[in-house]
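# Breakdown of the fold
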Amino acid sequence: MPTWDQLMVPVLRVLSDGEVRNRREPYDSVARDTNLSDDQRAEVLDSVERRYENRINWAITGLVKANAALRPLRAHHIISESGRALLDAHPDQLTEADLRLIERYDDGRKKNSLDVGPSHAPDQLDPYEFAGQGIKRFNGEIASNLPVRLHYQEPAFFEQAVVDLVAAMGHGDADTRATTTQLSNDGGIDGIINQEVLGLSRVYNQAKRYSLDGSVGRPKVQSFVGALQGQQANQGVFITTGRFSAGAKEYAKSLPTRVVLIDGPRLTELMIRCRVGVQAKRTIQIVNVDEDVFE
């Protein structure tokens, strides 16, 4: 069975015709390209997902992180110009090490996953540490995927995701309301979360769907603060898929009004923690000897 990185070139070959394909379309084509046997196609994981399909999905994720494949629509992919250049440079084999040479991919790995060096080799970790590092790396892959998915959704989708996240972080309960405002003429407010039933205490939020390297400057934060003042509010959350400029951060710190800035990496971290836009696919129980029983 090919590893996930060994499947990247076959995936690029399937996408090289320039067509937008949904997530499942490449499965059969890649399986034929790599001459997978019927037995290999039938292998399943504990989650009942087919093993080769799971590895193709991870291959696609790696290519998206490297900007070699794009997601113009939900669960759809298309090859990019960078992907064509990558396929020309590596027509037979592409490894994760090759992807690490691409700045964007390498930065995401350093920030979100485990850098296993000589001092952190698997055989030098106890089983609990090793399991924890594996979960950390898996979550890192998801964290690299989420901003791209959010960026290609409609504005209304992103605004609703932000409202859901703020509510999930504990700002409100089952009896309160979390709503998005209208898409146009919203007065600079994208979402309102009532923190209790009567709505006497509210959290207002602004959602900006920027490119991953886009920067929200001080003027945007100032406009949000003005919108808060118009609502006679003293607290708000400004969330973006991009980042905040140094000027925007300094301005937010100097305000008497409490304004929390959440950038792309922090956004995805909170989405994973609060289970917004993600779901637990598998629960692993780690057991230990019950010393009380044996004593």
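Details of the structure are given in the entry above.
Throughout what follows, the structure given in this document is the object of discussion. Predicted model only: the values in this text are computed from it and were never measured. (Residues numbered from 1 in each chain as written. Predicted model: local features only at pLDDT ≥ 70, side-chain atom pairs only at ≥ 80, totals over all residues. Heavy atoms only, no water.)

## Focus: the packing of helix α2 (residues 26-33) against helix α4 (residues 51-65)
One way to put it is that α2 packs onto α4 with a least axis distance of 10 Å and a crossing angle of 100°. The angle between α2 and α4 places the two elements in the roughly perpendicular class. Taking contact as the criterion, the partners of Y27, D28, V30 and A31 in α2 are, on α4, Y52, E53, I56 and N57. (Axes fitted to C-alpha atoms, helices over the stretch in contact; angles between N-to-C directions. Helix = DSSP H or I, 4+ residues; strand = E, 2+ residues; numbered from the N terminus. Parallel < 35°, antiparallel > 145°, perpendicular 65-115°, else oblique. Contact = heavy atoms within 4.5 Å.)

## Observations concerning the pattern of salt bridges
What the rule picks out here adds up to 9 salt bridges. When the shortest N-O distance is used, the salt bridge between R21 and E25 registers 3.5 Å. A residue is classified by how much of its surface remains accessible, and R21, at 17% relative accessible area, is buried. For E25, a relative accessible area of 37% puts it in the partly exposed group. Note that R273 and E269 form a salt bridge whose closest N and O atoms lie 3.1 Å from each other. Of this pair, R273 and E269 both sit in helix α12 (residues 264-274), 4 residues apart, roughly one helical turn. (Salt bridge = Lys/Arg side-chain N within 4 Å of Asp/Glu carboxyl O. Buried < 20%, exposed > 50% of the residue type's maximum accessible area, 1.4 Å probe, protein only.)

## Considerations on the pairing of strand β6 (residues 202-208)
Within β6, 5 of the 7 residues are buried, which leaves it mostly tucked inside the rest of the structure. By the bridge criterion, 4 bridges tie strand β5 (residues 191-194) to β6 in an arrangement that is antiparallel. If you follow G191 over to β6, its bridge partner there is N205. Note: β6 against strand β8 (residues 235-240), 5 bridges, orientation parallel. What sits directly across from K208, in β8, is T240. (Pairing = 2+ DSSP bridges.)

## Side note on the environment of T95
Here T95 is to be found in the loop between α5 (81-89) and α6 (96-100). Overall, T95 belongs to the partly exposed group, its relative accessible area being 24%. If we skip the residues at most four places from it in the chain, T95 touches D5 and M8.

## Regarding the packing of aromatic side chains
Following the criterion strictly, the structure yields 3 aromatic pairs and no others. On the numbers, 6.4 Å between centres and 70° between planes, the contact of Y27 with Y52 is edge-to-face. Taken as a pair, Y27 in helix α2 and Y52 in helix α4 lie far apart in primary sequence, 25 residues in all. Ring geometry for F238 and F244: centres 5.5 Å apart, planes at 80°, overall edge-to-face. When its relative accessible area of 0% is taken as the criterion, F238 is described as buried. Take F244: its relative accessible area is 6%, and that puts it in the buried class. Through successive ring pairs, a cluster of aromatic residues spans F224, F238 and F244. (Phe/Tyr/Trp six-rings, centres within 6.5 Å; stacked < 30°, edge-to-face > 60°.)

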